[in-house]
Protein chains: 2
Amino acid sequence: MNGMNELIELVDKYLDKYMGITYPEDIFKSMKYTLSLPGKRLRPVMCLETSRLLGGDIAKTLPSACAIEMLHVQSLIHDDLPCMDNDDFRRGQPSNHKVFGEATAVLAGDALITYAIQTIIEKSEGLSDSQLVRIIHEYTKFAGAYGLIAGQVADIESEGGKLVKSPEETLDFIHLNKTAVLFRLAVRVGAIIANAGENVIEEFDNFAKKFGLAFQIYDDIMDEISSFSELGKTVGKDKLSGKLTYVSLYGLNEAKNKFNSLTRECYDIIEKYDSTVFRDILTKLSGKIGSC
Amino acid sequence: MNGMNELIELVDKYLDKYMGITYPEDIFKSMKYTLSLPGKRLRPVMCLETSRLLGGDIAKTLPSACAIEMLHVQSLIHDDLPCMDNDDFRRGQPSNHKVFGEATAVLAGDALITYAIQTIIEKSEGLSDSQLVRIIHEYTKFAGAYGLIAGQVADIESEGGKLVKSPEETLDFIHLNKTAVLFRLAVRVGAIIANAGENVIEEFDNFAKKFGLAFQIYDDIMDEISSFSELGKTVGKDKLSGKLTYVSLYGLNEAKNKFNSLTRECYDIIEKYDSTVFRDILTKLSGKIGSC
């Protein structure tokens, strides 16, 4: 059985293998740069672990798992741009546009979106065409204008104070779409590759929704209380920009309570699968909040 | 039989139909804005016409044809950004970031990439899963880091004078990848939907390669000799930025000769299909060069 660290190593190895460098080198180097920064690889790990728990094959799941990390990294590269969050650091290193320039960073992000799907098609052995179409469909729904990007735009609008819905509804929408959506994609795709039934897919989806909300509340809390060296990126920006966060809307204590109740629900859903990996992920997240 | 104008109307109608507006509205409005600017719709028209000439069904081809226009428009939105070509106008109107801001323009481009593929999957009726996988694979190969984006990056490098290959080789690479690639994608996908044999796909591909080169040389010539009102975008920028173009490398006369010989080859390849639409496209392009 693969533990958390083995799965991370596997993801790192295959991301490196999938991402070759050819002419014109700048674009491939730029894509590979942010993709190679050490990360927790939570999304691909959750995809692989879901597939394994449901009897799926790790080798068959790796291309789709790595593709989710590519989409995630794409969103980070564009998020860091001066016209977006204007962040000079990512995972403790200079962000993509600081190294390769803004134009290449924009194009590297664009390229990662199509390359993620190209990787699924070219590297997945043993998946049927109907599975491939379903997986790619999930990607486009969850990572596009109706998912991840809807969350980012609502987030930008909230910073400008342009709220169409109530602050509570807007925040839920942002958290679900900006953060939970890629965790949902990860477990859904893992379950689809394992040929799980619709009810099992929905069970994992429900887990990922709650986990995603908890994760974003965690992020909001950390931005409030952490230092640069702990996070590897600029902190305290939410407060400075008057951003709508769980902490700014409900206060730190209520944020911690909500976080704790969500992670408890996550434990409950996943308990019957007896997964060390999911338990580790939840424990690490809760541990940090518990000690702060 | 559909003529050029009927096909353009069909594309406009379906682009409008496919592109609904929902919360958060800014992202959908931004995507729809540049998508709705009146254009020649050359790529989707060539996709539809290729399919029709080879016995394909127009209704089955429309989602894929519109998806190519979405990819094209995505590249225009990102190309116009201040960090790229910094162009305030597109198709005679303010460019996307001038209307919606840079952050939304970046995200609208991102969203169009996935939405193009989502449209193919959700709107294509009567295509088999294996056709869908092949079509999507063509999209990712031609529009991504190994196609369109490789051309854009080589183009950016050439402006900075950072040439890895000779100027002639670099220019060919830029033209083939930045411009010809989406015409190739258009005719290939049209032919695949019509279930054409590989030799026919390659014949149309060869046409599109030559057409794409001719089209880019046309564009280089127009940037040199036209006015803003004729092009609907800023002109003379190539010269100012010292950009590598067919005109800057070979001179205006040699550029016209090359253009004429390529369009003649295009006529020769397509002649046997007796297509009013392809003839119109070639005649319109040649007419402008002939008269300048």
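Everything numeric in this text was worked out from a predicted model, so none of it was measured.

The next point concerns the overall build of chain A. Along the backbone of chain A there are 15 helices and 2 strands. Relative to its full complement of 292 residues, chain A shows a buried share of 53%. For chain A, restricting intrachain contacts to residue pairs at least 6 apart in sequence, the fraction spanning at least 24 positions comes to 70%.

A separate point is the interface of chain A and chain B. The partner chain B presents 43 residues to the 43 residues of chain A that form the contact. Among the elements of the structure, helix 2 (25–36), helix 6 (102–123), helix 7 (129–143) and helix 8 (148–159) of chain A are those that each provide at least two residues to the side of chain A that touches chain B. If you tally residues by element for the side of chain A that touches chain B, the top one is helix 6 of chain A, at 14 residues. Of the residues contributing to the side of chain A that touches chain B, the split by class is 27 nonpolar, 10 polar and 6 charged.

The next point concerns the environment of Thr 140 of chain B. Relative to the helices and strands, Thr 140 of chain B is located in helix 7 (residues 129–143). A sequence separation of 23 residues divides Thr 140 of chain B from Ile 117 of chain B, and the C-alpha atoms of the two residues are 9.3 Å apart. In contact with Thr 140 of chain B, not counting residues within four places along its chain, are Thr 114, Ile 117, Gln 118 and Ile 121 of chain A.

On to the packing of helix 3 (residues 42–53) of chain A against helix 4 (residues 58–80) of chain A, then. Residue and element names in this part refer to chain A. Where helix 3 meets helix 4, the axes come as close as 8 Å, and the angle between the chain directions of the two elements is 155 degrees. Between helix 3 and helix 4, the interaxial angle falls into the category roughly antiparallel. Where helix 3 crosses over helix 4, the two elements pack in a sense that is right-handed. Contact residues: Arg 43, Pro 44, Cys 47, Leu 48, Ser 51 and Arg 52 in helix 3; Ile 58, Thr 61, Ser 64, Ala 65, Cys 66, Ile 68, Glu 69 and His 72 in helix 4. Along the lines of polarity and charge, the residues of the contact of helix 3 with helix 4 split into 7 nonpolar, 4 polar and 3 charged.

Turning our attention to the relation of the copies chain A and chain B. Of the transformation placing chain A onto chain B, the axial shift is 0.0 Å and the rotation is 180 degrees, giving an RMSD of 0.0 Å. When the rotation and shift are considered jointly, the pair of chain copies conforms to a two-fold rotation axis. Considering only C-alpha atoms, the residue of chain A closest to the rotation axis is Asp 129 of chain A, which sits at 2.8 Å. Interface overlap between copies: 100% of the residues of chain A at the interface are likewise at the interface in chain B, consistent with a symmetric, same-surface contact.

Inspection of the secondary structure assignment puts Gly 190 of chain A in helix 9 (residues 167–193). Sequence-distant contacts of Gly 190 of chain A, defined by excluding residues within four places in its chain, comprise Cys 47, Leu 48, Thr 50, Ser 51, Gly 56 and Thr 61 of chain A.

Residues and elements named next belong to chain B. On the secondary structure map, Asp 268 appears in helix 14 (residues 252–270). Taking the C-beta count within 10 Å as the criterion, Asp 268 has 11 such neighbours and is therefore assigned exposed. It is 46 Å that separates the C-alpha atoms of Asp 268 and Ala 103, two residues lying 165 residues apart in sequence.

With that out of the way, let us pick up the confidence of the model for chain A. On average, residues of chain A score 92 in pLDDT, and 93% of them reach the 70 mark or higher. We note a pTM of 0.94 for the whole complex and an ipTM of 0.94 for its interfaces.

Residues and elements named next belong to chain A. Residue Tyr 23 is joined to Pro 24 through a cis peptide bond whose omega torsion reads -10 degrees. Although it is not a glycine, Asn 86 adopts a positive phi angle of roughly 50 degrees. Here Asn 86 is to be found in the loop between helix 4 and strand 1 (89–90). One non-glycine residue with positive phi stands out, namely Asn 195, at about 55 degrees. As for its position among the elements, Asn 195 is in the loop between helix 9 and helix 10 (198–225). Classification of Asn 195 by C-beta neighbours within 10 Å gives partly exposed; the count is 13.

What counts and how
Residues numbered from 1 in each chain as written. Chains lettered and ligands numbered in written order. Predicted model: local features only at pLDDT ≥ 70, side-chain atom pairs only at ≥ 80, totals over all residues. Helix = DSSP H or I, 4+ residues; strand = E, 2+ residues; numbered from the N terminus. Buried ≥ 20, exposed ≤ 12 C-beta atoms within 10 Å, placed from the backbone. Contact = placed C-beta atoms within 7 Å. Nonpolar A, V, L, I, M, F, W, Y, C, P; charged D, E, K, R; others polar. Axes fitted to C-alpha atoms, helices over the stretch in contact; angles between N-to-C directions. Parallel < 35°, antiparallel > 145°, perpendicular 65-115°, else oblique. Left-handed = near helix turned anticlockwise from the far one by under 90°. Least-squares fit on C-alpha atoms with pLDDT ≥ 70 in both. pLDDT = per-residue confidence, 0-100.

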